[in-house]
Amino acid sequence: MKPSPVLGPAGERVPDVERIAVLRANALGDFIFALPALEALRAAYPSAEIVLLGAPWHAKLWRHRPGPVDRVLVVPPAPGIREPGADEEPAELAGFVAAARKEQFDLALQLHGGGANSNPLIAGLGARVTAGLRAEDAPPLDRWIRYVYYQHEVIRYLEAVALVGAEAVTITPALAVTDADRAEAGDVLGEPTRPRVALHPGATDSRRRWPPERFGAVARALAGDGYEVLVTGTPAERETVDEVVAAAGVPVRPQVGTLSLGGLAAAYEGCALVVSNDSGPLHLAAAVGAPTVGIYWIGNLINGATPLRVRHRPIASWTTHCPVCGTDCTRDIYPHRPGDGVCPHRDSFVADVPAAEVVEAARELLAE
């Protein structure tokens, strides 16, 4: 491998590449982390078609959107690949692989995870060269690097695409916002009469959720500073949003399921600040250029928080033991350390972060 001026060693580029498959079929934040790797592939193979093997929401997001993805093939739900969506019809993964082989991919890249389930899918596509990540329990690809859990996600995928000579051109995820996105946000939210901030109190993993009353305190402080406060959430997060609205005790604007993903991107683009748990919307906000204050468990901060500080303030909780049973919840990836690391609880690991700390970071960014 030859040295790269931006990020580590890079493998040789594959000649005569016309079509590239990239598997990344998981959640929103996970996909945002892979955007710099996709940009690297586009720069290295400018004339190739980049086909994302993703979920139905990827197909909706990338319709008529500029960026490194040319087309989306929706992968069926399967263990270790992706969870089924609401009202989604079952489909056989074997049938998908057989149909995808007809695409005659030159490169197939696994940017999905450790590879126990995803590497066989990538190998089955019949590409001339396969590359990507490999955990100890996963079969190898033609070119692979070891999957190590504690590594920043952006760098992980940049190292993976470097295996095929795609050198990093940026470490900052960026997502284009379209005029249609902005029109949708304008129709739903109207024109702002004062600067807007958005709070996103939800997260798929309940251990990442900061208490709603803390978000309410932030909403109250920023509304008092003269900002219009949006509280965003998915339909599944309606109860959490309602708790934040009630805790705020001042007029705020709940937005639960009112915007598509593109419309939400435009709404965040128009905000002076977004305050959020470590979640997909937090990373979406950063990718469209909004300043952010993110609330992280320390392990997730290592893997996902931006290293940039001009526009972003990640705030860490250093809790590593379950607040209910006291189990060390880092133990499961350190097999030589004492204890079993098995904990059934899902109580918040970030509840120790004080509201004053978040308000201070928010005001600092808003002042700048």
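Criteria and cut-off values
All chains use their own residue numbering, which begins from 1 and follows the written sequence. Predicted model: local features are reported for residues with pLDDT of at least 70 only, side-chain atom pairs are reported and counted for 80 or more only, and whole-chain, interface and lining totals are derived from all residues. The basis for the side-chain values is all heavy atoms of the structure; hydrogens and waters are excluded. Stacked, edge-to-face and tilted labels apply to pairs of Phe, Tyr and Trp rings (six-membered ring for Trp) whose centres lie within 6.5 Å, assigned for plane angles under 30 degrees, over 60, and everything in between, in that order. Here a helix means four or more residues in a row that DSSP labels H or I, a strand means two or more in a row labelled E, and each is numbered from the N terminus. The rule is simple: take the accessible area with a 1.4 Å probe, protein chains only, and divide by the maximum for that residue type; under 20% is buried, over 50% is exposed, in between is partly exposed. Pairs of strands are assigned from DSSP output, requiring at least two bridges between the strands. Helix axes are fitted only over the stretch in contact, all axes being lines through C-alpha atoms; the angle between N-to-C directions runs from 0 to 180 degrees. We call two residues in contact whenever any of their non-hydrogen atoms come within 4.5 Å of each other. Here the term right-handed applies to a crossover when the path leading from its first strand over the helix to its second strand runs clockwise, the strands being oriented away from the viewer.

(A) Expanded view of the packing of aromatic side chains. Here the structure, examined in full by the defined rule, presents five aromatic pairs. An angle of 75° between the planes, with centres 6.1 Å apart, marks the rings of Phe31 and Trp62 as edge-to-face. In this pair, Phe31 sits in helix H1 (residues 28–44) while Trp62 sits in the loop between helix H2 (56–61) and strand S5 (71–74), placing the two residues 31 residues apart along the sequence. Looking at Phe31, the relative accessible area reads 0%, which means it is buried.

(B) Expanded view of the sheet that holds strand S6 (residues 107–110). Sheet architecture is open: six strands sit in the order S5-S4-S3-S6-S7-S8, paired in parallel fashion. The open sheet is flanked by S5 and strand S8 (143–146), the only strands paired with a single partner. Pairwise comparison of adjacent strand axes, ignoring direction, gives a mean angle of 15° for this sheet. Two elements, strand S4 (residues 49–54) and S5, share four bridges in a ladder whose sense is parallel. Among the inter-strand pairings, Leu52 is bridged to a residue of S5, identified as Val72.

(C) Spatial organisation of the sheet that holds strand S14 (residues 312–317). Spatial strand order, S11-S10-S9-S12-S13-S14: six strands in an open sheet with parallel pairing. Sheet topology places strand S11 (253–256) and S14 at the edges, where each strand pairs with a single neighbour. Each strand axis lies, on average, 20° off the axis of its neighbour in the sheet, ignoring direction. On top of the sheet, helix H7 (residues 212–224) reaches strand S9 (196–200), strand S10 (228–233), strand S12 (273–277) and strand S13 (292–297); it is set at about 175° to S9, its chief contact.

(D) The pairing of S9, seen in detail. Where burial is concerned, most of S9 is hidden: five out of the five residues are buried. Here S9 shows a buried face lined by Arg196, Ala198 and His200 and a second buried face lined by Val197 and Leu199. Both S9 and S10 contribute to a ladder of four bridges, which runs parallel. Paired with Ala198 across the strands is Leu230, a residue of S10. This β-α-β element, S9 to H7 to S10, shows right-handed connectivity. Sheet topology note: the S9/S12 ladder contains four bridges and is parallel. Along S12, the bridge assignment pairs Val197 with Leu273.

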